Amino acid sequence: MKESSRKQGAASPCAACKLLRRRCAQDCVFSPYFPADEPQKFANVHRVFGASNVNKMLQELPLHQRGDAVSSMVYEANARVRDPVYGCVGSISSLQQQIDVLQGQLALAQAEVVHLRVRHSTNFPGHGLCPDSPSSSGSPSSKQVSPQDNKGIFSHMDMVDEASLGESMWSC
């Protein structure tokens, strides 16, 4: 648990008590998590959840879980201030869309590598992907891969003919 920013007996209230314009008691549930030097942190949480709800949530939790709960509330409150409709769900959705786009780009790049290897192995027989070829170094990029392992790659590629790959690339 964080040490309170106010000293024993000092009159400086925590950010929550300051915003709520009340006296900050020694056993204030907010003071360990909302120090006086971070007023915006509590202001956003108060705006989204309300001080009474935050107080209830913190009092219902064991001490060792309160810090994580406050971090979650602060994150959600800040997200709600930035995006009042979707909050952190909007951020998660945006990141998921980025992941989907990047996975598609990765699949295309992997398929292109396979395509180039097939073309290279047909142009230079004996230097392909077969394990006993002299160019096989044991590195991940030179290991033999079965066509079944790459179904996900080929499902995105119209230009790669899987049947011809099976005949030319996978037979050593």
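Just so we're clear, the structure is a prediction, and the values are computed from it rather than from any experiment.

Q: Describe the packing of helix 2 (residues 39–49) against helix 3 (residues 51–60), with residues and values.
A: Where helix 2 contacts helix 3, the axes come no closer than 7 Å and their chain directions differ by 100°. Between helix 2 and helix 3, the angle falls in the class roughly perpendicular. Of the residues in helix 3, those touching helix 2 at Phe42, Val45, His46 and Phe49 are Ala51, Asn53, Val54 and Met57. Counted by class, the contact of helix 2 with helix 3 contains 6 nonpolar, 2 polar and no charged residues.

Q: Summarise unusual backbone geometry; cite the residues concerned and give the values.
A: Keep in mind that most residues, glycine aside, have a negative phi and that most peptide bonds are trans. Despite not being glycine, Arg21 shows a phi value in the positive range, around 55°. For Arg21, a relative accessible area of 79% corresponds to the exposed category.

Q: Give a detailed account of the packing of aromatic side chains, specifying residues and quantitative values.
A: One pass over the structure, following the stated rule, counts 3 aromatic pairs. Three or more aromatic residues joined by ring pairs form one cluster here, namely Phe30, Phe34 and Phe42.

Q: Quick rundown of the side chain of Glu76? Include the residues and the values.
A: Here Glu76 shows up in helix 4 (residues 63–82). The buried category is assigned to Glu76, whose relative accessible area is 15%. Setting aside chain neighbours within four positions, we find Glu76 in contact with Phe49, Gly87 and Cys88.

Q: Can you lay out helix 5 (residues 88–123) for me, pointing to particular residues and giving the numbers?
A: Look at helix 5: 52 Å from first C-alpha to last across 36 residues, which is about the 52 Å you get at 1.5 Å a residue. Restricting attention to buried positions, one finds in helix 5 the residues Cys88, Ala107, Ala111, Val114, Val118 and Ser121.

Q: I'd like a rundown of the side chain of Asn44, residues and numbers included.
A: Position of Asn44 relative to the elements: it lies in helix 2. Within the structure, Asn44 has its side chain in polar contact with the side chain of Gln40 (distance 2.9 Å). In terms of polar contacts, Asn44 uses its side chain to reach the side chain of Arg47, at 3.2 Å. When residues no more than four places from it in sequence are discounted, the contact partners of Asn44 are Ala77, Asn78 and Val81.

Q: For the pattern of salt bridges, give the residues involved together with the corresponding values.
A: Across all of its chains, the model carries 2 salt bridges by this definition. The salt bridge partner of Lys41 is Glu38, with a shortest N-O separation of 3.7 Å. The class for Glu38 is partly exposed, based on a relative accessible area of 32%. Note that Arg80 and Glu76 form a salt bridge whose closest N and O atoms lie 2.8 Å from each other. Taken together, the residues Arg80 and Glu76, both in helix 4 and 4 residues apart, mark about one turn of the helix.

Basis of the calculations
Residues numbered from 1 in each chain as written. Predicted model: local features only at pLDDT ≥ 70, side-chain atom pairs only at ≥ 80, totals over all residues. Heavy atoms only, no water. Axes fitted to C-alpha atoms, helices over the stretch in contact; angles between N-to-C directions. Helix = DSSP H or I, 4+ residues; strand = E, 2+ residues; numbered from the N terminus. Parallel < 35°, antiparallel > 145°, perpendicular 65-115°, else oblique. Contact = heavy atoms within 4.5 Å. Nonpolar A, V, L, I, M, F, W, Y, C, P; charged D, E, K, R; others polar. Buried < 20%, exposed > 50% of the residue type's maximum accessible area, 1.4 Å probe, protein only. Phe/Tyr/Trp six-rings, centres within 6.5 Å; stacked < 30°, edge-to-face > 60°. Expected span 1.5 Å × (residues − 1). Polar contact = N/O pair within 3.5 Å; in protein donor to acceptor, adjacent residues only side chain to side chain. Salt bridge = Lys/Arg side-chain N within 4 Å of Asp/Glu carboxyl O.

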